[in-house]
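Okay, here's what each chain looks like letter by letter:
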Amino acid sequence: MTNAFTHINADGNAHMVDVTEKSITEREARAEAYIEMSAETLQMIMSGSHHKGDVFATARIAGIMAAKKTSELIPLCHPLMLTKVEVDLQAEPEQNRVRITSLCKLAGKTGVEMEALTAASVAALTIYDMCKAVQKDMVITQVRLLEKRGGKSGHFKV
């Protein structure tokens, strides 16, 4: 691991990394997040009886939209032309939680890790928002990068 922070210039100031000279390569990243809740709240989501509608469908759309807007949310992120964003939500009743996974892909000059992390995070936040009237003490945990491919740093997998 390098000690150099790429978003800090020689003078110690924050700056956007110049990717002009980088080659266009295929890049992808996968991330995950979990949201823990009561068995009753999870059952309400799974049965479709939540009064706000399909929680998973709304969270999926929110995650996809968030990935596309990452450069507007995270300072110094490059705006990217994503070619694929996938958000999957899986109820895990034995742990009273939902596992959210995201995949972002593109052919470009910079990676998509932040987009994948943002997609999983915002999907989890959307579940919280839709269910907070029923349960306020839900916990979002383990937002993390699972895998990235492409670019100079190559392949990383948890």
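Scoring rules and cut-offs
Residues numbered from 1 in each chain as written. Predicted model: local features only at pLDDT ≥ 70, side-chain atom pairs only at ≥ 80, totals over all residues. Heavy atoms only, no water. UniProt positions renumbered as here; feature names shortened; annotations may be inferred. Helix = DSSP H or I, 4+ residues; strand = E, 2+ residues; numbered from the N terminus. Pairing = 2+ DSSP bridges. Core = buried A, V, L, I, M, F, W, Y, C linked by side-chain atoms within 4.5 Å. Buried < 20%, exposed > 50% of the residue type's maximum accessible area, 1.4 Å probe, protein only. Expected span 1.5 Å × (residues − 1). Contact = heavy atoms within 4.5 Å.

**Regarding the UniProt feature "domain: Molybdopterin cofactor biosynthesis C (MoaC)" (unreviewed entry) in the protein**
Here is step 1: Summarizing the sequence annotation, UniProt attributes the feature "domain: Molybdopterin cofactor biosynthesis C (MoaC)" (unreviewed entry) to residues 16-151 in the numbering used throughout.
Here is step 2: In residues 16-151, helix accounts for 34% and strand for 32%; the two terminal C-alpha atoms are 17 Å from one another.

**With respect to the pairing of strand β2 (residues 84-92)**
Here is step 1: Note: β2 against strand β3 (residues 97-108), 9 bridges, orientation antiparallel. Among the inter-strand pairings, A91 is bridged to a residue of β3, identified as V98.
Here is step 2: Hairpin geometry of β2 and β3 is characterised by an intervening segment of 4 residues between the two adjacent antiparallel strands and by a positive phi of about 55 degrees at N96.

**Considering the nonpolar core**
Here is step 1: M37, F56, L89, V98, I100 and I127 are the most contacted members of the largest nonpolar core, which totals 31 residues.
Here is step 2: Only β1 (25-36), α1 (39-47), α2 (55-68), β2, β3 and α4 (113-131) provide two or more residues apiece to this core.
Here is step 3: If you tally residues by element for this core, the top one is α4, at 9 residues.

**Some remarks on α4**
Here is step 1: In this model, α4 (19 residues) spans 28 Å end to end at C-alpha, consistent with the 27 Å of a helix rising 1.5 Å per residue.
Here is step 2: Among the residues of α4, those classed as buried are E115, A116, L117, T118, A119, A120, A123, A124, T126, I127, M130 and C131.

**Details of the environment of G151**
Here is step 1: With respect to the secondary-structure elements, G151 resides in the loop between β4 (139-149) and β5 (156-157).
Here is step 2: C-alpha separation for the pair G151 and V85, spaced 66 residues apart in sequence, amounts to 18 Å.
Here is step 3: Sequence-distant contacts of G151, that is, excluding residues within four places in its chain, are made with T25 and R27.

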